[in-house]
Structure formats: C-alpha cells, structure tokens
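The lines below spell out each chain.
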Amino acid sequence: MEMKYWKKLSHKEQDTRITEALEININYRDIVPIGIPVSKLDSNVFYEHASFLKEAPLLRAFIQNPNHIGCHTLGVSEPFFEGTQQLEREVIELLSVDLLKAGDNSCDGYIATGGTEANIQAAWIYRNYFVENFSARIEEIALLSSLDTHYSVTKAANLLNVRSIGIPVNDETRMIVPEYLDGAIERAKADGVKYFIVISNMGTTMFGSVDDPDLYAAHLSKYDVEYKIHVDGAFGGFVFPVSCPENNVNFLNPNVSSITLDAHKMLQAPYGTGVFLVRKGMMQFVCTREAKYVSGMDITLSGSRSGTNAIAVWMILFTYGAHGWFEKISKLLLRTKWLCTQLDMINVGYYRHPCLNIVTIRAEYIPVHIAGKYGMVPDTHTEMPNWYKIVVMDHVEIEYLQKFIEELTAQI
Ligand SMILES: *Cc1c(COP(=O)(O)O)cnc(C)c1O
C-alpha cells in the first residue's frame, strides 16, 4: 500500500498542527462577532485555564467550539473556522485517496453525524439527481438493497418518500440471490420504476457480509434503467479496504458513486463522526438555495456541527498511520480466526466473512443465558432470534473469548 497522506504523526506534531489551526479560526479575545451566534463554550461553566489542557489539543478545540457547518471540499465556507476546516478537508482527502483509491481531489465529503446521516445524504442526492437530470417523478424512483441492509436505508426511503425494495440473500453465504434481484427489478419496472438508488454493503451490521456493486450494475444494465450505487461501509469501511485491499468496493470502480464510513465504530472516535464521501459533481444536487445567510452552500443534511469531531478523526488517523492501523486490524482478524477455529471444533454453526471481524452464530447453538451474559447481539429483539453476533474489537480479548467457548462447550 503506497500512502500519499496517511502517515504517522507524533503527539507533538499533532499538537502543533491543531494549535495552528485553532489560531487561524476566529479568536474571541480579539474579535467580538456581533452578527452571528457563534461562541466558545461558556467559560462560567467550563473552566478553560486547567493546566492539563496544555497537553490536550482535542479538549482545547472542544472549548473553542468550531462550527463546521457546510461542506468544505467545494466552494467557500464560513471564514471563522477556516483553520480547523482544513483538518476536516485533510481527513476527507486521506480517506478518499489512501483508503478508498479515489484520484486526487476527485471527491467531496464531510464528517456527518453518523452512518445514518451519510446514507440519507446519499439517497437524497441521487433522488434529486434523477429528478433534475431526467425529470423523474418521485414514484418512478426506488431504493434497492439487500434484506441484510441497515434500517437507516428504510428511514431514508420514508423521509424521501421513495419506495424501498429489499432483495433476499442466501441464508448460508449472505450473498444477494441474483434471480431475486432480477425478479425485483422486473416487478419494479412493470410498476413504473425507472430510476434506482442502490445501497450496496461493505460489511453489514449483523453479518459483516460484503455485497458486490458490480452485480447490481450488471443486472440493472440489462433492464435499460438509470441507477446510482452508494456503498454503506459504516461498519466495514475501516476494516475491509485494509484486510482485503484487492477489491471492487472503492472509487477505482466506476460503478461506485459514494461511500459511507463511520469513525465512531471501528475507529473508536467520539459519537457524531460518520463520514460521507462522494465523487465530485454530486453534492450540488442537494443545495438549499434558501440558505442565504450562511457563507458557502448549504449542501449537507445536518446544519451546524462540531469541528472538534473532525479533529478527533484526524488525530486517530495520524496517531496510527496506515501501517499502525493495518496492524491493529490484523490483530483483530487473528482473534476472529481463533474464535472461528474454536467454534469449528465444537461444531457450532456460524457465518463469517474472511476479511471482517464479526462472527454471527446461529441462535440454536447459543443458550439464552450465555447470550445475555456475554452481551451478544441478536438479529431481532421482537421475535425469537435466528442469530447472535460477536464483534471482535480491541476490548474483546482472547482470554474472554476463551471463557465464552468453555461455557458454550459445557452446554453441548
Ligand atoms: C451502524 C451502521 C449504520 C448507522 O450508523 P449510525 O452511525 O448509527 O448512524 C449504517 N449502516 C451500517 C452498515 C451500520 O453498521
């Protein structure tokens, strides 16, 4: 992996960059902004002279409270926060180019509140794209995804008032069944749908399964319909590209138009750090022309948002560097493999994608009290579960998994 931006920076180097960025932002000592409701945190409540803040650039940023409203990879943005917006731009460019193989400056993006927002942003852009470029009527547009897809996609369909079509997957492989895909497209077409917004998964929430965007493209192309493909990598986006670098789920693939990542999952960033990345030329389809008082264009689903979140992601990426991150993921995958080997030895049935750190065990093998004790997550809370999953993260150590295996073995 040749990395253009994704290097390692020492804590001191990071501190210097963040301090410089905060100095470029509005300085409330010298400037009193009388026209806009921006402010640092209330100093009557949050004491800003604590000595430990000297060592803590993220907390200093938190107190200065930059507002990153808007999208900073195109057009002009609010000038008050130019310094830290630059750090967000660096995160977007690093992730597009080094993690997801885009050409230099070929993507726009922003730190969204989470995967949900990033997925809705994508669907919103494509809905408007079909309306503006093809004069599509709303009832001619559909969202298309597998039945293992995250529910934020149904939420998007509901909000945008377009129909949502779910494709069944194979129970063993969790792969989309091509015949069902054909059938669904045919039925939708007969029903007047001409435009498809595809949500293709890079690591489903429950299984970690990865869809093939080219399968969608191949099938939709047969039916003479328009489509755009968004990749939901909210769970797998910081794992799959690293553990399985030769893949077609990135911007090298012309079928992929945009990608969601979530820094607050595998990257362990603070909540509120989803990432939306999209090829240039698409963000404009959601420009709110009425937003005249904000400098720059209003083209994000969320309005005001904390710039500190972007800095947190920046710090995590530059603390590890590409190699450090690769090592961390490799360790998690070794543990996942260890777990699968143990399950194989006691003949417990499960699904696992070889490049991901989720093991999803068939519920028939897991007594309810063990699932509860170990905090395993069921596929449903309203009916009898079919599956329970284990996500192997940093805190899920082998010693703990071993206890789980011992207890499970004793039950069999
Ligand atoms: C978690 C998740 C989401 C939603 O992300 P939030 O950050 O909770 O909004 C969307 N898609 C997938 C695949 C996820 O795992």
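Computed from a predicted model, the values in this text were never measured in an experiment.

1. Overview of the overall build of the protein
For step 1, the next point in the chain: Helices and strands together make up the secondary structure of the protein, namely 11 helices and 11 strands.
For step 2, the next point in the chain: Taken against the 2.2 N^0.38 rule, which gives 22 Å for 412 residues, the C-alpha radius of gyration of the protein at 23 Å falls within 12% of a compact globule.
For step 3, the next point in the chain: Intrachain contacts of the protein at a sequence separation of at least 6 include 72% that bridge at least 24 residues.
For step 4, the next point in the chain: Accessible surface computed for the protein: about 18,800 Å², of which carbon and sulfur atoms make up 54%.
For step 5, the next point in the chain: Averaging the coordinates of the 36 positive side-chain charges in the protein and doing the same for the 48 negative ones gives two points 2 Å apart.

2. Examining the pairing of strand S4 (residues 195-201)
For step 1, the next point in the chain: The buried fraction of S4 is high, at seven of seven residues.
For step 2, the next point in the chain: Residues Tyr195, Ile197, Ile199 and Asn201 line one face of S4 and the alternating positions Phe196, Val198 and Ser200 line the opposite face, and both faces are buried.
For step 3, the next point in the chain: Strand direction decides the pairing type here: strand S2 (residues 141-146) and S4, joined by five bridges, are parallel. Bridging across to S4, Ile141 finds its partner in Tyr195.
For step 4, the next point in the chain: Across seven bridges, the pairing between S4 and strand S5 (residues 226-233) is parallel. Residue pairing for S5: Asn201 is matched across the bridge by Asp232.
For step 5, the next point in the chain: Considered for its hand, the β-α-β crossover made up of S4, helix H7 (residues 213-221) and S5 is right-handed.

3. Overview of the domain arrangement of the protein
Often the size quoted for an interface is simply the accessible area lost on bringing the parts together.
For step 1, the next point in the chain: According to the domain assignment, the protein contains domain 1 (11-67), domain 2 (79-308) and domain 3 (346-411).
For step 2, the next point in the chain: Placing the centre of domain 1 and that of domain 2 at their C-alpha centroids yields a distance of 33 Å.
For step 3, the next point in the chain: Every contact between the two is made by 16 residues of domain 1 and, on the other side, 13 residues of domain 2.
For step 4, the next point in the chain: Here domain 1 packs against domain 2, burying approximately 1,300 Å² in sum over the two surfaces, 63% of which is carbon and sulfur.
For step 5, the next point in the chain: Looking at the side of domain 1 facing domain 2, the largest losses of area belong to Arg17, Pro66 and Asn67, adding up to 41% of the total buried there.
For step 6, the next point in the chain: Here Arg17 makes a salt bridge to Glu90, at a shortest N to O gap of 2.8 Å.
For step 7, the next point in the chain: Linking domain 1 with domain 2 are eight residue pairs in polar contact (both at pLDDT 80 or more).
For step 8, the next point in the chain: Put simply, the parts of the chain that give the side of domain 1 that touches domain 2 at least two residues each are helix H1 (11-24) and helix H2 (57-64).
For step 9, the next point in the chain: At five residues, H1 tops the list of elements feeding residues into the side of domain 1 that touches domain 2.
For step 10, the next point in the chain: The class makeup of the residues in the side of domain 1 that touches domain 2 is 12 nonpolar, three polar and one charged.

4. Considering the sheet that holds strand S7 (residues 274-279)
For step 1, the next point in the chain: As summarised here, the arrangement of the seven strands in space is S1-S7-S6-S5-S4-S2-S3, forming an open sheet in which the pairing is mixed. Edge positions in the open sheet fall to strand S1 (107-112) and strand S3 (163-167), since each of these has one partner strand only. Averaged over all pairs of adjacent strands, the angle between their axes in this sheet comes to 20°, without regard to strand direction.

5. Considering helix H6 (residues 178-190)
An α-helical turn contains 3.6 residues, so a residue and the one three or four places further along point in the same direction.
For step 1, the next point in the chain: In a regular helix each residue adds 1.5 Å, so 13 residues correspond to 18 Å; H6 covers 18 Å between its end C-alpha atoms and thus fits that length.
For step 2, the next point in the chain: The complete set of buried residues in H6 reads Leu181, Asp182, Gly183, Ala184, Ile185 and Ala188.
For step 3, the next point in the chain: In the core, the buried residues of H6 are packed alongside S2, S3, S4 and H7.
For step 4, the next point in the chain: Positive phi appears at Gly192, one or two residues downstream of H6, with a value of about 100°.

Thresholds, definitions, all that
- Residues numbered from 1 in each chain as written.
- Predicted model: local features only at pLDDT ≥ 70, side-chain atom pairs only at ≥ 80, totals over all residues.
- Heavy atoms only, no water.
- Helix = DSSP H or I, 4+ residues; strand = E, 2+ residues; numbered from the N terminus.
- Rg over C-alpha atoms; globule rule 2.2 N^0.38 Å.
- Contact = heavy atoms within 4.5 Å.
- Areas by Shrake-Rupley, 256 points an atom, 1.4 Å probe, with all protein chains shown as cover.
- Lys, Arg positive; Asp, Glu negative; His and termini not counted.
- Charge placed at Lys NZ, Arg CZ, Asp CG, Glu CD.
- Buried < 20%, exposed > 50% of the residue type's maximum accessible area, 1.4 Å probe, protein only.
- Pairing = 2+ DSSP bridges.
- Right-handed = clockwise from strand over helix to strand, strands pointing away.
- Domains from an automatic or database assignment.
- Buried area = accessible area lost by both parts, 1.4 Å probe.
- Salt bridge = Lys/Arg side-chain N within 4 Å of Asp/Glu carboxyl O.
- Polar contact = N/O pair within 3.5 Å; in protein donor to acceptor, adjacent residues only side chain to side chain.
- Nonpolar A, V, L, I, M, F, W, Y, C, P; charged D, E, K, R; others polar.
- Axes fitted to C-alpha atoms, helices over the stretch in contact; angles between N-to-C directions.
- Expected span 1.5 Å × (residues − 1).

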